[in-house]
Amino acid sequence: MEKKNLFTHIHEMETQMGQLHGDLAELKMIVKELLEENQRLTIENEQLRKLLKREAPADLPISSALAPVARPAGPAAGEDVVGEGYDNLARLYHEGFHICNVYYGHLRTEGDCLFCLSFLNK
């Protein structure tokens, strides 16, 4: 094999390895997103099951317990609308998700987030 052909062959292999590395990084990100979504859905599913067991009477079938309930809308209904959003964000944070503008919606994998905590303390 000539030196020029050898160099060309090595360059082609290097290009292919770079493409494979890029593909591997892309697949890694997809797997990470799928794992985060799976974890989020698992947590949500567990909480919905707990809520369903707590709210559904024992003698009613589950399908009737899932029927939508008509609620009056607006602050005239007697609900505290001001704190509802805060409560939802606090619940999301305690379920393991970011509520800060930096990582909103992502799973918290490394403990508490200072951005989220400062947002909750406002």
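Here, residues in each chain are numbered from 1, in the same order as that chain's written sequence. Per-residue local features are limited, in this predicted model, to residues with pLDDT of at least 70; the limit for side-chain atom pairs, both in listing and counting, is 80 or more; totals at the level of whole chains, interfaces and linings are taken over all residues. Side-chain descriptors were evaluated using all non-hydrogen atoms of the structure, hydrogens and water having been removed beforehand.

### Section: the side chain of E95
For step 1, the next point in the chain: Counting through the fold element by element, E95 comes out in the loop between α3 (84–94) and α4 (114–120).
For step 2, the next point in the chain: The class of E95 is buried, set by a relative accessible area of 13%.
For step 3, the next point in the chain: Contact definition: two residues touch when any of their heavy atoms are within 4.5 Å. Beyond its immediate stretch of four places on either side in the chain, E95 contacts I43 and Q47. Labels follow the DSSP assignment, with helices taken as runs of H or I lasting at least four residues and strands as runs of E lasting at least two, numbered in each case from the N terminus. Burial classes: relative accessible area under 20% of the type maximum marks a residue as buried, over 50% as exposed, and values in between as partly exposed (1.4 Å probe, protein chains only).

### Thoughts on the UniProt feature "coiled-coil region" (unreviewed entry) in the protein chain
For step 1, the next point in the chain: UniProt positions are given in the numbering used here, feature names are shortened, and annotations may be inferred rather than shown by experiment. When the UniProt feature table is mapped onto this chain numbering, "coiled-coil region" (unreviewed entry) sits at residues 24–54.
For step 2, the next point in the chain: A distance of 45 Å separates the end C-alpha atoms of residues 24–54, which is 100% helix and 0% strand.

### Examining the side chain of R108
For step 1, the next point in the chain: Within the secondary structure layout, R108 lies in the loop between α3 and α4.
For step 2, the next point in the chain: A relative accessible area of 19% places R108 in the buried class.
For step 3, the next point in the chain: Here G111 takes part through its backbone oxygen, which lies 3.1 Å from a polar atom of the side chain of R108.
For step 4, the next point in the chain: Non-local contacts of R108, meaning those with residues more than four positions away in its chain, are made with Y93, H94, G96, F97, H98 and C113. As used in this structure description, the phrase polar contact means that two N or O atoms lie within 3.5 Å; if the pair is within protein, one of them must be able to donate a hydrogen and the other to accept it, and residues adjacent in sequence are counted only when both atoms belong to side chains.

### A word on the nonpolar core
For step 1, the next point in the chain: In plain words, nonpolar cores are sets of buried Ala, Val, Leu, Ile, Met, Phe, Trp, Tyr and Cys residues tied together by side-chain atoms within 4.5 Å. One finds A90, Y93, I99, C100, C113, C116 and L120 forming the largest nonpolar core, which totals 7 residues.
For step 2, the next point in the chain: Sorting the residues of this core by element identifies α3 and α4 as the ones contributing at least two each.
For step 3, the next point in the chain: Those residues in contact with C113 that sit more than four places away from it in its chain are Y93, H98, C100 and R108.

### Some details on the UniProt feature "binding site: Zn(2+)" (unreviewed entry) in the protein chain
For step 1, the next point in the chain: Mapped onto this numbering, the UniProt entry gives "binding site: Zn(2+)" (unreviewed entry) at H98, C100, C113 and C116. These annotated residues cover 19 residues of sequence, and their C-alpha atoms lie no more than 8.4 Å from one another, placing them together at a single site.
For step 2, the next point in the chain: On the secondary structure map, C113 appears in the loop between α3 and α4.
For step 3, the next point in the chain: The class for C113 is buried, based on a relative accessible area of 8%.
For step 4, the next point in the chain: Looking at the element boundaries, C116 is found in helix α4.
For step 5, the next point in the chain: On the basis of relative accessible area, C116 is assigned to the buried category, the value being 0%.
For step 6, the next point in the chain: Apart from the residues within four sequence positions on either side, C116 is in contact with Y93, H98, I99 and C100.

### Considering the environment of H106
For step 1, the next point in the chain: Along the chain, the position of H106 falls in the loop between α3 and α4.
For step 2, the next point in the chain: With a relative accessible area of 38%, H106 lands in the partly exposed category.
For step 3, the next point in the chain: For the pair H106 and E33, spaced 73 residues apart in sequence, the C-alpha to C-alpha distance is 9.0 Å.

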